[in-house]
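Here is what each chain is made of, one letter per residue.
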Amino acid sequence: MAAEPAATARDDGERAADLLVIFGITGDLARKMTFRALYRLERSRLLHCPIIGIAGDDWTVDHLVEHAHSAVAEGGEDIDEGVFRRLAGRLSYLNGDVGDAGLYERLAEAVGHDRRPLFYLEMPPALFAPIVEHLAAVDLLRNARVAVEKPFGHDLASARELNGRLRAVLDEDQILRVDHFLGKEPVIELEYLRFANLAMAELWDRKSVSAIHITMAESFGVEDRGAFYDAVGALRDVVQNHLLQVLALVAMEPPAGAGADDLRDKKAELFRAVAPVDPRQYVRGQYGGYLDVPGVAEDSTTETFAALRLRIDNWRWDGVPVFLRAGKAMPETVTEVRLVLRRTPGLAFLAAPPQVAANQIVLRIDKEPGLRLQLSGHGDRGAWRAVHLDTTFAADLGRPQEPYERLLHAAIAGDHQLFAREDGIEETWRIVQPLLELPPPVRVYERGTWGPDEARSLVGGHLSWQEPWMPRGG
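Residues numbered from 1 in each chain as written. Predicted model: local features only at pLDDT ≥ 70, side-chain atom pairs only at ≥ 80, totals over all residues. Heavy atoms only, no water.

(A) Examining unusual backbone geometry more closely. The amide bond that connects K150 to the next residue, P151, takes the cis arrangement and shows omega of 15°. With an omega of -15°, the peptide bond running from D366 to K367 counts as cis. Within the fold, K367 resides in the loop between β12 (360-366) and β13 (370-378). At D114, a residue that is not glycine, the phi angle is positive and equals roughly 60°. In this fold, D114 is placed in the loop between α4 (101-111) and β4 (117-121). The backbone of D139 sits at a positive phi, close to 60°, despite the residue not being glycine. Mapped onto the elements, D139 comes out in the loop between α5 (128-137) and β5 (145-149). (Helix = DSSP H or I, 4+ residues; strand = E, 2+ residues; numbered from the N terminus.)

(B) Region of interest: the sheet that holds strand β6 (residues 175-178). The six strands lie next to each other as β3-β2-β1-β4-β5-β6, forming an open sheet whose pairing is parallel. In the strand order of this sheet, the two ends are held by β3 (91-95) and β6, each with one partner. In this sheet, neighbouring strand axes are inclined to one another by 20° on average, regardless of whether the strands run parallel or antiparallel. Note: β4 against β5, four bridges, orientation parallel. Paired with L121 across the bridge in β5 is V148. Against the sheet, helix α1 (residues 28-43) engages β1 (19-23), β2 (51-55), β4 and β5, with an angle of about 165° to β1. (Pairing = 2+ DSSP bridges. Axes fitted to C-alpha atoms, helices over the stretch in contact; angles between N-to-C directions. Contact = heavy atoms within 4.5 Å.)

(C) Inspection of empty space enclosed by the protein at higher detail. The final tally for this structure, using the stated rule, is five cavities of 30 Å³ or more. Here the largest cavity defines a volume of roughly 70 Å³. Listing elements by their share of the lining of the largest cavity, those giving two or more residues are α11 (260-273) and α14 (422-437). In terms of residue count, the dominant contributor to the lining of the largest cavity is α11 (four residues). Class assignment for the residues of the lining of the largest cavity results in five nonpolar, two polar and four charged. (1 Å grid on protein atoms, 1.4 Å probe; cavity = no way out; pocket = protein on both sides within 12 Å on 5 of 7 lines; lining within 4 Å. Points joined across faces, edges and corners; volume = space filled by probe spheres on them. Nonpolar A, V, L, I, M, F, W, Y, C, P; charged D, E, K, R; others polar.)

(D) Representation of the packing of aromatic side chains in the model. Counted according to the given criterion, the structure contains seven aromatic pairs. When the ring of F23 is compared with that of F119, the centres are 6.5 Å apart and the planes differ by 55°; the resulting orientation is tilted. Of this pair, F23 sits in strand β1 while F119 sits in strand β4; the two residues are 96 residues apart in sequence, bridging distant segments of the chain. Here F119 falls in the buried class, since its relative accessible area comes to 0%. Ring centres of Y229 and Y290 lie 6.5 Å apart, and the angle between their planes is 70°; this geometry places the pair in the edge-to-face category. With Y229 in helix α9 (residues 226-230) and Y290 in the loop between β8 (282-287) and β9 (305-310), the pair connects residues that are 61 residues apart, well separated along the chain. (Phe/Tyr/Trp six-rings, centres within 6.5 Å; stacked < 30°, edge-to-face > 60°. Buried < 20%, exposed > 50% of the residue type's maximum accessible area, 1.4 Å probe, protein only.)

(E) Local environment of the nonpolar core. Counting residues in hydrophobic clusters, the biggest one holds 106 residues, and the most contacted among them are F23, L107 and F119. At twelve residues, the largest contribution of residues to this core is made by helix α10 (residues 233-251). Not counting residues up to four positions away in its chain, the partners in contact with F119 are V21, F23, L107, L135, L140, L141, A144, R145, V146 and A147. (Core = buried A, V, L, I, M, F, W, Y, C linked by side-chain atoms within 4.5 Å.)

(F) Main features of the packing of α1 against helix α2 (residues 61-74). As a packed pair, α1 and α2 sit with axes 8 Å apart at the nearest point and diverge in direction by 95°. If you check the angle between α1 and α2, you find them roughly perpendicular. Residue-level inspection shows R31, F35, R36 and Y39 of α1 in contact with α2, the latter providing L64, H67, A68, A71, V72 and E74. For the contact of α1 with α2, the per-class residue count stands at six nonpolar, one polar and three charged. (Parallel < 35°, antiparallel > 145°, perpendicular 65-115°, else oblique.)

Given below as structure tokens:
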């Protein structure tokens, strides 16, 4: 199983950032995630650098500190005031328009010389390249790293354009592409479950697996994010990034070494083996009432549900279909990976029916991460019954770092293991590009259901979509 969470970032003192600069520090991501992550790192004594916050709001440092305190408390932390004072002592603030060259001159003066800064861009993607180009103009990128939040483009062409502009002023190893799913403990755990356990490794191929299902369901709708979501949709929001990144860890070959590029090489190799998705193997849905959400166009055809079937053209997975589905306004909030194993032969000594239910391996990513092995047993009345061998990671491995806590620590430490690479990003856009160019009609589904009926046809000839494994009492 995975190493102690605090050790997941390989902290090399010569590579570690000695300054953190957060663009957009007064924004929603910082309020919901970043301040809490910084506080938890401070509490664990894993934070060792000053922090400069940058935003357009005309705030004082004291205002920023008060905002940070509220954000940490709202995040559910029981605040140790001594720990928070240490964090507050690291904070400073620059107010300015990120399109104004004068802001970067003031920033260069504040940063000074001989620093190894980490610039974290918690900004709209359209601003990534302009901000980086401004940083280059005042010579702040020489020893720097830059972290950018997904989405990385909105299709293959825009992803290539963004990568081109970033790479014009940065080397690839200076860029950290943040997908918070890659910081989740069970996603990281996939490598260890697969390759450190012979019982799993020997089952993990086309000889044993008949299908792979990956589900990301949310019981809530778009709510107050209508204007943002209507321009994005489920495919761009979570399938092209989160679910395909999870698939890479499910299906890749074992890395040859422990380095970040050893892992990312294998992920890129897997992506290259995935055929572009046929639009005929894609179902789009929109929950009833979506058109009434503020910010959503009255005639919107944006999907809030996406289900698709894809194939992996390599030796390990040839002939094993992969089914992905993601949606809002579903019955539950849960993310899981499910491997359906092939059925046993119908031997005469087995009681009727001659074939028992297929075994399944289920990795629950959210909520309450855990692993289930579904077997079959013979009940006392002569009927086959499911036998579930379940474990939860928190019970067996301890409480992990939270995704942004882990990712911030890794970014500061200079560990690229948990970040996406340029070639992998472009490959994932290549996989879904046909669905963006020729999207099928959107189908309406009722809130609280598992999407439109048409999604069931995708799995024809294979085990149907399964009710997700929910936490006890969930």
